[in-house]
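Chain by chain, the residues run as shown.
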2 protein chains.
Amino acid sequence: MTEPLAIETEADAREDEYALDPELVAAVMESVDVADRVGVLALIAELHVADLADLTEQIDSGHRRRFIELVWADIDHELLVELEEGVRDEILAFLAPEKLAEAVRELESDDVVYLLEDLDEAARSKALESLEPADRAAVTKSLAYPEDSAGRLMQSEVVKAPPFWTVGQMIDHLRAADDLPEDFHDIIIVDPAARPVGTVALGVLLGARRPVTLESLMADQFRTLHVEEPEADVAYAFNQYHLVSAPVVDDSGRLVGIITIDDAMEVLEDEAEEDIMRLGGVGDEEISHKVWAITRRRFPWLAANLVTAIMASLVIAIFDETISSYVALAVLMPIVASMGGNAGTQTLTVAVRALATRDLTATNAMRVVARETMVGLANGCAFAVIIGAVVWGWYGSAALGGVIAAAMVVNLLVAGMAGILVPIGLDKLGADPALASGTFVTTVTDIVGFFVFLGLAAAVLL
Amino acid sequence: MTEPLAIETEADAREDEYALDPELVAAVMESVDVADRVGVLALIAELHVADLADLTEQIDSGHRRRFIELVWADIDHELLVELEEGVRDEILAFLAPEKLAEAVRELESDDVVYLLEDLDEAARSKALESLEPADRAAVTKSLAYPEDSAGRLMQSEVVKAPPFWTVGQMIDHLRAADDLPEDFHDIIIVDPAARPVGTVALGVLLGARRPVTLESLMADQFRTLHVEEPEADVAYAFNQYHLVSAPVVDDSGRLVGIITIDDAMEVLEDEAEEDIMRLGGVGDEEISHKVWAITRRRFPWLAANLVTAIMASLVIAIFDETISSYVALAVLMPIVASMGGNAGTQTLTVAVRALATRDLTATNAMRVVARETMVGLANGCAFAVIIGAVVWGWYGSAALGGVIAAAMVVNLLVAGMAGILVPIGLDKLGADPALASGTFVTTVTDIVGFFVFLGLAAAVLL
């Protein structure tokens, strides 16, 4: 099926090119309602399996089971790999074990690993049994590596050759092979101990004449990945070094598999997504999760925030007499805290990203800390002038304007320092800076904001 | 240079595998200080050009110019493409035009476009003049496409063939060609009007015998990208459909170039980064920017926050008499606002991501809005019980506990609704939901939080 995308001249019309047509989803659900299998199959016939997965996610869960049961025999079972976890689990829960086993047999080894790693013991061994012995061994071995490691991500089907082979030998070997991997972009050159010594890109192989040896065609640089390396590092290496594929080796340096860029790209996307979610104070939720699953996942983040909010309140409570004799303070104090929270969040967002991309290192850390402090001071001064003037005009009190201005300078300065020091500190402690920085930083800016503003007011105004 | 990564058995030791060694950076700066060119070159000899770029970024700007001038003649000038914008601009400002021209001649066409698009008119034409006529034509054409479009991202060097060619003909053609692209993974099959009709993966070509026609080896599915398609959509397509390369076509469907997955991966990373930065209230800043550049970029976001904070203060001011007779309200009111802000941020973070990944669509929008409202209600009730009990215990007033509990339910409910409706609304209006959602949502939760809590207190307690 060759299916070039429709070409439209309006940029606007193109904007939703990749969005699933809501009318298609509605039509599928209607056909499912009347159990019109042929109709459903006709509707989804043109869809790429990734779009079919999106469709399956978008169908409401009432229709989902009937949809899958109607079309299961006729669809590409790579669907299971494309689905988000929540929906996949839902489907695996009702899918007969022999149907799952059948699907597993059709998949590449890295996809099988991805699918099986979340299954419970019983379902996993049932699925493993269905595999050919060689595939079963490869999958079992991969599952023995730590979760989220290169070993889980790699595929064991590798095209390799010794350095002394010629282009002609290599091509003859490939033509004779009956089970080449679906996607491969490089030949891995290995020494007699099966250790990778280089790679030959297929494009280079094809451009060379038959008598040329592979050794002379090897790329200038090549990198191996250790099988227990975290997948986040794998993704980083692909992005940093523009790798297309990379051999995976064990402790003794022997080739055990290969990772291709499409898998690395998915990890890169997942890592960025994880950072975004953690910075936003949400865990590993998915758009298809139900109310209770979401509520439960968000609760701990809100609970942490409640604790810090109560701590800030305790600071305010110290000054309750000041506030009751000068109620304008209650009106104005959230401004100082809010500006500090925002300035701190700006700094920590930049810091968390720079740590993730390894742009913030021991070399430039002191320079960046100094800079963030200066930026906090500079914006603190700018907003001190603005808010000081506003408050002077509003309440007709130069003293009150001066107090809020001074508190603004201090809190934005502290925000800059906390925004950079907290993520660097968490990173040094081995924690994920995206995970907890936000709570720490806003706690600092709230407490400092309230304390300095109210404390100064108590000293100056009363 | 073959340089497999050092293999270490400790996970901790591996953690910083990809981080640049701070001692190396220090050593380079010391050698630069004494203008020891040979010493510097020895230090950087083993570095991948991407790491060399990181090193150049990490050297402080005092040393940077001298470093570049020392090593320029001996390094890979792809360095310019790997650098972040701020540092690149700094270098381009002092690099002699003929040196830039020389560097440009070494690069692939897509890299040249990337480099030239930010140059001013004079520098750009100077650099263009240095190119061979054919390359100059390709680059000029690419620069004529909109910024951040597929046309800017593609490379014009494409390996193409008619469908009736045999594997043998294709291989002979590739062997005879003297300027194959550096990276290519697919042969693009074109019809007589130069329109792509399919692709043949190099791995498949290599596995087939010489008399087989290319047509019979074409991949099941293939996708073309329109030359004016936004690069964000290009990245989405690569990720969604696991593309390795995709032909780019013009309005008439004719092949004009090709985009490979490594370029798409960079765009995907950039897009995720942009979302993170915008959600964190920061613009397009870089870790190497100076104090003033950063201060200026962050100012508008803080200014927007100041306006909304003042609006919230105006709401509090309505109730200043209530507060002065019941100062506990001033102590407690930030808790309600803060919890609302956090709950709203959670929802909008998920919504912004789901919109970016096209998981939130017209089909499931109503369902997701309903769910977020329910989640807000559920967590609102949970935290109402908790904070109600805390406040009752703290102030010994069941009425005050009841007031803050009720305000918590309302504000978390509103936070859920605002958190989902604001990004969906901005998206419908064609705005980037990551850009402004945060400010809108926290404005809503601050104002509602203060108003409901103080309003209820005024009604119930006085």
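Note that the structure is a prediction, hence the values are computed from the model and not measured.

A. How the structure looks around the pattern of salt bridges. The full count for this structure, using the stated rule, is 36 salt bridges over all chains. Of the charged contacts, one joins Arg298(A) and Glu372(B) as a salt bridge, the two residues approaching to 2.8 Å between their closest N and O atoms. Note that Arg298(A) is positioned in helix α17 (residues 291–318) and Glu372(B) in helix α20 (residues 365–395), a pairing that runs across two chains. In this structure, Arg298(A) and Glu372(B) share a single accessibility class: buried. Across the pair Arg371(A) and Glu372(A) runs a salt bridge whose closest N-O atoms are separated by 3.0 Å. Accessibility classification places Arg371(A) together with Glu372(A) in one group, the buried group. If you follow the salt bridges from partner to partner, you end up with Glu269(A), Glu273(A), Asp275(B) and Arg353(B) in one network.

B. Examining unusual backbone geometry more closely. Residues and elements named next belong to chain A. Phi at Arg 358 takes a positive value of approximately 60°, unusual for a residue other than glycine. Residue position: Arg 358 is located in the loop between α19 (328–356) and α20 (365–395). For Arg 358, a relative accessible area of 14% gives the class buried.

C. Fine view of helix α8 (residues 97–106) of chain B. All buried positions along α8(B) are accounted for by Leu100(B), Ala101(B), Ala103(B) and Val104(B). Considered in projection along α8(B), the buried side chains sweep an arc of 165° and stay on one side of the axis.

D. Representation of helix α11 (residues 133–143) of chain A in the model. All names here are of chain A. For α11, every residue scored as buried is listed here: Val 139, Ser 142 and Leu 143. Taken down its axis, α11 places every buried residue within 100° of arc, on the same side. Facing away from the buried surface of α11 by more than 90 degrees, the exposed residues are Pro 133 and Ala 134. Where α11 is buried, its residues touch α9 (109–116), α10 (121–129) and α12 (150–153).

E. Structural detail: the interface of chain B and chain A. The interface of chain B with chain A comprises 147 residues on the first partner and 147 residues on the second. Both sides together, the interface formed by chain B and chain A hides about 13,200 Å², and carbon and sulfur atoms give 62% of it. The interface formed by chain B and chain A contains six salt bridges. Between Arg353(A) and Glu273(B) there is a salt bridge; the shortest N-O distance is 3.1 Å. Counting every contact that joins chain B to chain A gives 42 residue pairs in polar contact (both at pLDDT 80 or more). Residue contributions to the side of chain B that touches chain A peak at 17 residues, all from helix α19 (residues 328–356) of chain B. A class-by-class count of the residues in the side of chain B that touches chain A yields 79 nonpolar, 33 polar and 35 charged.

Cut-offs and rules
Residues numbered from 1 in each chain as written. Chains lettered and ligands numbered in written order. Predicted model: local features only at pLDDT ≥ 70, side-chain atom pairs only at ≥ 80, totals over all residues. Heavy atoms only, no water. Salt bridge = Lys/Arg side-chain N within 4 Å of Asp/Glu carboxyl O. Helix = DSSP H or I, 4+ residues; strand = E, 2+ residues; numbered from the N terminus. Buried < 20%, exposed > 50% of the residue type's maximum accessible area, 1.4 Å probe, protein only. Arc of directions from axis to C-beta. Contact = heavy atoms within 4.5 Å. Buried area = accessible area lost by both parts, 1.4 Å probe. Polar contact = N/O pair within 3.5 Å; in protein donor to acceptor, adjacent residues only side chain to side chain. Nonpolar A, V, L, I, M, F, W, Y, C, P; charged D, E, K, R; others polar.

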